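Architecture and fold: a report
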Amino acid sequence: MIRRVVACFAALAMSVSLAVAEEDHKHVEGDGHEHAHDHSAKHGGVIEESGHHHVELVAKGGSIELYITGEDGKDEDASAAKASATVLADGKAAQVALASAGGNSLKGSGEFNAGKGTTVVVSLTMPGHEPEQVRFKLD
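Residues numbered from 1 in each chain as written. Predicted model: local features only at pLDDT ≥ 70, side-chain atom pairs only at ≥ 80, totals over all residues. Heavy atoms only, no water.

1. Things to note about the overall build of the chain
Worth spelling out the cut-off: Numbering of helices and strands starts at the N terminus; helices are DSSP runs of H or I of at least 4 residues and strands are runs of E of at least 2. Each residue's exposure class comes from its accessible area (1.4 Å probe, protein chains only) as a fraction of the maximum for that residue type: buried when under 20%, exposed when over 50%, partly exposed otherwise. Throughout, a residue-residue contact means that at least one pair of heavy atoms, one from each residue, lies within 4.5 Å.
Helix and strand content of the chain: one helix and nine strands. In the chain, the succession of helices and strands from N to C terminus is α-β-β-β-β-β-β-β-β-β. For the chain, with 139 residues in total, the buried portion stands at 37%. Long-range contacts, defined here as pairs at least 24 residues apart, represent 49% of the contacts in the chain between residues at least 6 apart.

Structure representation (structure tokens):
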């Protein structure tokens, strides 16, 4: 069973297109001009890009918090977002449902112990957007 879950997780992870989030990089906005904005982790987590959003993951023990910002660097309303995470920690895979926690955040918990070496794959659907996936590796 674990092998099957790990194999599915590996296939999912390989299919995820990753973009490295740089601090203070520029995007070309709808007006055709480049705009710089800050990509630093405001909550002490790890930031990755997922299509149209920047996602900060804070994972400690058996809990996960996500903070969603738009391409413009502004907080996105996550109250109607749908999200889940697959957490691979200590050789075990755990599925975690993430629920709105107010503002731009989503939270969830499960039977895992997030720490160094943990991999988290998040599936995120924001209102008005196609589903997105992002992969995090905790160092």
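2. Structural notes on the confidence of the model for the chain
Should the pLDDT be low somewhere, the predicted coordinates at that spot are not to be read in detail. Rule in force here: The pLDDT value expresses, per residue, how confident the predictor is, ranging between 0 and 100.
The pLDDT averaged across the chain works out to 80; a share of 71% of its residues lies at or above 70. Under a pLDDT of 50 for its full length, residues 5-31 has, in the predicted model, 49 contacts with residues more than four places off or in other chains.

3. A few points about the environment of Glu 56
Rules: Two N or O atoms form a polar contact when they lie within 3.5 Å of each other; inside protein one atom must be a possible hydrogen donor and the other a possible acceptor, and for residues adjacent in sequence the pair counts only when both atoms belong to side chains.
Tracing the backbone through its elements, the reader meets Glu 56 in strand S4 (residues 53-70). C-alpha separation for the pair Glu 56 and Ser 40, spaced 16 residues apart in sequence, amounts to 9.2 Å. Polar contacts involving the side chain of Glu 56 include one to the main-chain amide nitrogen of Gly 45, which spans 2.9 Å.

4. Observations regarding the pairing of S4
When a strand is regular, its side chains alternate between the sheet's two faces. Heads up, the condition is: DSSP bridges decide pairing: two strands pair if at least two such bridges lie between them.
For S4, a buried count of 13 out of 18 residues is recorded, marking the element as mostly surrounded by other parts of the structure. Relative to S4, strand S3 (residues 46-50) is paired through five bridges, and the arrangement is antiparallel. Looking at S4, one finds that Ile 47 is bridged to Glu 56. The antiparallel hairpin formed by S3 and S4 contains two residues in its connecting segment, where Gly 51 sits at a positive phi of about 75 degrees.

5. Re the sheet that holds strand S8 (residues 119-125)
Threshold: To define axes, lines are fitted to C-alpha atoms, for helices over the stretch in contact only, and angles between the resulting N-to-C directions are given on a 0 to 180 degree scale.
Across the sheet, seven strands lie side by side as S3-S4-S7-S6-S5-S8-S9; this open sheet has antiparallel pairing. Sheet topology places S3 and strand S9 (132-137) at the edges, where each strand pairs with a single neighbour. Across this sheet, the average inter-strand angle for adjacent strands is 25 degrees, counted without regard to direction. Examined bridge by bridge, S8 and S9 share six bridges and lie antiparallel to one another.

6. As for the side chain of His 53
Among the secondary structure elements, His 53 is positioned in strand S4. For His 53, the side chain forms a polar contact with the side chain of Glu 132, separated by 2.7 Å. His 53 has contacts with Glu 48, Ile 68, Thr 69, Gly 70, Glu 76, Met 126, His 129 and Glu 132, leaving out every residue within four places of it along the chain.

7. Structural notes on unusual backbone geometry
One non-glycine residue, Asp 90, lies in positive phi territory at about 55 degrees. Residue position: Asp 90 is located in the loop between strand S5 (82-89) and strand S6 (92-100). By relative accessible area, which is 63% here, Asp 90 ends up exposed.

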